[in-house]
Amino acid sequence: MYKILCLNKISPVGTKRFGEKYTFSPEVQEPDGILVRSASMHDMELGENLLAIARAGAGVNNIPVNQCIENGVVVFNTPGANANAVKELVIAGLLLSSRKIPAAMDWIKTLKGKGDEVGKLVEKGKSQFVGPEISGKMLGVIGLGAIGVLVANAAVNLDMEVYGYDPYISVDGAWKLSRDIHHIQDVNDIYRECDYITIHVPLLDSTKEMINADALNQMKDGVVILNFARDLLVDEKAMIDALNQGKVKRYVVDFPTPAIAKTPGAIVIPHLGASTQESEDNCARMAAEELIDYLENGNIRHSVNYPDCEMGVCQEACRIAINHR
Ligand code: MLT
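Below, the structure is looked at part by part. Just so you know, these numbers come straight off a predicted model, no measurement behind them.

Examining the site of the ligand
- Taken together, R37, R55, G57, A58, G59, N82, R230, H271 and A274 make up the full set of residues near the ligand.
- Measuring from an oxygen atom of the ligand, one finds a side-chain N or O atom of R230 at 2.8 Å.
- Between the ligand and H271, the relevant distance is 2.9 Å, taken from an oxygen atom to a side-chain nitrogen or oxygen of the residue.
- Taking 270 Å² as the accessible area of the ligand by itself, protein coverage stands at 92%.

Next up, the structure:
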């Protein structure tokens with residue numbers, strides 16, 4: 001019997017895969033595997049028996065990956081499973097940021113109680129909300145993983161001029177990328193040239209605060225920046241200064257903090273990138289299958305700290321898997 005600890009509410013599309021060989025609950029002691037979405041595990045004791053953690057999502061910054069490396073715990077994520085959901089919200093963010101939609105909607109609320117006058121007031125006041133079309137504008141996509149590729153291709157289909165930067169692009173990613181996307185080799189070219197910049201890289205020591213004062217200073221006046229990846233990729237103080245000075249026209253961010261939420265020009269969304277039924281089902285299914293395949297067969301697919309290892313289904317009484325550091 002395998003014990004799986006579940007730290008978040010996870011779609012039953014995934015959890016029902018744990019059949020009779022499994023005990024699955026939020027209270028399991030000494031688990032063999034952990035299923036997690038966004039709960040932070042940094043202060044948790046990783047029990048002696050723990051073999052694997054599966055994150056229903058892409059980012060793994062809520063998991064102590066270095067400690068897992070030390071302990072031989074395989075950490076899985078679900079790359080691509082929520083990519084379409086995030087792509088759709090990024091496209092919404094592009095439109096919200098160019099057409100002044102949030103401000104216009106707030107203004108409409110001020111017309112409450114104006115009765116029959118509303119129609120006239122709207123026609124008179126709407127000119128303050130004129131905004132540019134995105135068609136023909138230059139979009140820089142930094143990071144061409146599962147989400148970045150979808151965003152870049154969708155933006156091409158919306159007639160944007162798309163510039164893609166990713167020195168670590170996978171062969172699969174490169175195959176999926178539209179040939180209309182300009183290949184950029186120096187991220188500074190994106191900073192210098194683009195009207196809109198969207199970030200789709202993981203949060204690592206090397207990417208932390210990559211959008212800092214230096215990067216912002218190189219950008220065009222009135223640039224729009226979209227961050228649906230992780231808050232700490234952007235130096236928040238530098239971003240607030242840039243918004244206050246008008247250097248950045250809009251910052252669309254899916255990670256609210258008190259400071260950014262009250263800054264004019266910030267469009268702040270409550271971490272909804274992956275919040276669609278479809279994506280929650282996809283992530284849950286993929287994460288559960290990864291855990292089961294590892295615990296029962298020793299197979300590894302989509303781990304962030306181990307290479308892939310596929311030996312098919314175990315047909316014998318048992319299979320021994322030895323993890324080398
Ligand atoms: C991700 O890293 O994929 C997202 O943060 C997922 C989520 O919203 O849980």
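Description of the pairing of strand β6 (residues 138-142)
- In terms of burial, β6 is a largely internal element, 5 of the 5 residues being buried.
- Judged by which residues are buried, β6 turns out to be covered on both faces: M138, G140 and I142 on one side and L139 and V141 on the other are all buried.
- Where β6 meets strand β7 (residues 161-165), 5 bridges bridge the pair, whose relative direction is parallel. Looking at β7, one finds that L139 is bridged to V162.
- In terms of handedness, the path from β6 via helix α6 (residues 146-157) over to β7 forms a crossover that is right-handed.
- The pairing of β6 with strand β9 (residues 196-199) spans 4 bridges and is classified as parallel. Among the inter-strand pairings, G140 is bridged to a residue of β9, identified as I197.

Here we look at the packing of aromatic side chains
- Taken as a whole and judged by the stated rule, the model has 5 aromatic pairs.
- Centroid distance F18 to F24: 5.1 Å. Interplanar angle 15 degrees. Geometry classified as stacked.
- By relative accessible area, which is 8% here, F18 ends up buried.
- One aromatic cluster is present, formed by Y2, F18, Y22 and F24 through successive ring pairs.

Describing the sheet that holds β6
- Across the sheet, 7 strands lie side by side as β8-β7-β6-β9-β10-β11-β12; this open sheet has parallel pairing. Both outer strands of the open sheet, β8 (182-184) and β12 (266-268), are each paired with one neighbouring strand and no more. Pairwise comparison of adjacent strand axes, ignoring direction, gives a mean angle of 20 degrees for this sheet.
- Docked against the sheet, helix α10 (residues 236-244) engages β10 (223-227), β11 (248-253) and β12, running at close to 135 degrees with respect to β11.

Here we look at the sheet that holds strand β1 (residues 2-6)
- Taking strand neighbours across the sheet as the criterion, the 5 strands line up as β2-β1-β3-β4-β5 in an open arrangement whose pairing is parallel. The sheet is open, and its two edges are formed by β2 (22-25) and β5 (74-76), each paired on a single side. Geometrically, the sheet is characterised by an average inter-axis angle of 15 degrees between neighbouring strands, direction not taken into account.
- Direction of pairing for β1 relative to strand β3 (residues 33-36): parallel, over a ladder of 3 bridges. Bridge pairing in β3 links L5 to I34.
- Against the sheet, helix α12 (residues 277-297) contacts β1, β2, β3, β4 (52-55) and β5, and its axis sits at roughly 165 degrees relative to β4.

Topic: the packing of helix α3 (residues 83-98) against α6
- At their nearest, the axes of α3 and α6 sit 9 Å apart, and the two run at 45 degrees to each other. The pairing of α3 with α6 is recorded here as oblique in orientation. In this structure, α3 crosses over α6, and the sense of that crossing is right-handed. The residues of α6 that touch α3, namely those facing A83, N84, V86, K87, V90 and I91, are A146, I147, L150, V151, A154 and A155.
- Each residue belonging to the contact of α3 with α6 can be placed in one class, and the counts come to 10 nonpolar, 1 polar and 1 charged.

Focus: the side chain of T78
- Inspection of the secondary structure assignment puts T78 in the loop between β5 and α3.
- For T78, a relative accessible area of 0% corresponds to the buried category.

Some remarks on the environment of Q218
- As for its placement among the helices and strands, Q218 is situated in helix α9 (residues 213-218).
- Accessibility expressed as a relative area gives 29% for Q218, which makes it partly exposed.
- Linking Q218 and D189, residues 29 residues apart in sequence, is a C-alpha distance of 9.2 Å.
- Beyond its immediate sequence surroundings of up to four residues, Q218 is in contact with N188, Y191 and R192.

The rules behind each value
Residues numbered from 1 in each chain as written. Predicted model: local features only at pLDDT ≥ 70, side-chain atom pairs only at ≥ 80, totals over all residues. Heavy atoms only, no water. Near = heavy atom within 4 Å. Polar contact = N/O pair within 3.5 Å; in protein donor to acceptor, adjacent residues only side chain to side chain. Areas by Shrake-Rupley, 256 points an atom, 1.4 Å probe, with all protein chains shown as cover. Buried < 20%, exposed > 50% of the residue type's maximum accessible area, 1.4 Å probe, protein only. Helix = DSSP H or I, 4+ residues; strand = E, 2+ residues; numbered from the N terminus. Pairing = 2+ DSSP bridges. Right-handed = clockwise from strand over helix to strand, strands pointing away. Phe/Tyr/Trp six-rings, centres within 6.5 Å; stacked < 30°, edge-to-face > 60°. Axes fitted to C-alpha atoms, helices over the stretch in contact; angles between N-to-C directions. Contact = heavy atoms within 4.5 Å. Parallel < 35°, antiparallel > 145°, perpendicular 65-115°, else oblique. Left-handed = near helix turned anticlockwise from the far one by under 90°. Nonpolar A, V, L, I, M, F, W, Y, C, P; charged D, E, K, R; others polar.

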